[in-house]
Amino acid sequence: MTDKAKQANKGLLYVIVLCMVGLLTTAYFLIVSLNEVKELTTHKDVLIRRLAEEVMAKKELQKEVDSLKKILEVDKIQPISSDVQTIVKP
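Residues numbered from 1 in each chain as written. Predicted model: local features only at pLDDT ≥ 70, side-chain atom pairs only at ≥ 80, totals over all residues. Heavy atoms only, no water.

**Q** What should I look at first to understand the overall build of the chain in this one?
**A** When helices and strands are counted, the chain shows two helices and zero strands. Buried residues in the chain amount to 0% of all 90 residues. Only carbon and sulfur atoms are counted for the fraction: they give 68% of the accessible area of the chain, which is about 8,900 Å². (Helix = DSSP H or I, 4+ residues; strand = E, 2+ residues; numbered from the N terminus. Buried < 20%, exposed > 50% of the residue type's maximum accessible area, 1.4 Å probe, protein only. Areas by Shrake-Rupley, 256 points an atom, 1.4 Å probe, with all protein chains shown as cover.)

Here it is, written out as structure tokens:
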């Protein structure tokens, strides 16, 4: 009877050890996954900041283009003076 009890305790010990190994493995992969999520979040934040900078730069360039278009429209409206016409014509 004692041999059967020892075998049962031995089997229970193996089950407990296997459960502990499983828990440690799960904890390791959970920690690795959390670190990857943090890295990806940081990378996402950097990309969002870069995109915001690009959008602001595009808006500034668009303002400059609009102001240059207005200047060109004003220049088209004004006739060329006679002094410039004589220099331009051969």
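Next comes the rest of the description.
**Q** Please clarify how a nonpolar patch on the surface should be interpreted in this entry.
**A** Nonpolar side chains collect at one region of the surface, where L12, I16, M20 and L23 lie side by side and expose about 400 Å² of accessible area between them. Relative to the helices and strands, M20 resides in helix α1 (residues 2-77). (Patch = residues over 30% accessible without salt bridge, like charges linked within 9 Å, V, L, I, M, F, W, Y side chains within 5 Å. Salt bridge = Lys/Arg side-chain N within 4 Å of Asp/Glu carboxyl O.)

**Q** Is there a simple way to think about the pattern of salt bridges in this case?
**A** Opposite charge on two side chains allows them to pair when their charged atoms are near. Taken as a whole and judged by the stated rule, the model has one salt bridge. Where K63 meets E60, a salt bridge forms, and the shortest distance between an N and an O atom there is 3.9 Å. In this pair, K63 and E60 both sit in helix α1, three residues apart, roughly one turn of the helix. The partly exposed category is assigned to E60, whose relative accessible area is 46%.

**Q** Can you help me understand the packing of aromatic side chains in this one?
**A** Two measures describe an aromatic ring pair: the distance that separates the ring centres and the angle between the ring planes. According to the stated counting rule, one finds one aromatic pair in the structure shown. Note on Y28 and F29: the rings are 5.4 Å apart at their centroids and 70° apart in plane angle, and the pair reads as edge-to-face. Note on accessibility: Y28 and F29 belong to one class, exposed. (Phe/Tyr/Trp six-rings, centres within 6.5 Å; stacked < 30°, edge-to-face > 60°.)

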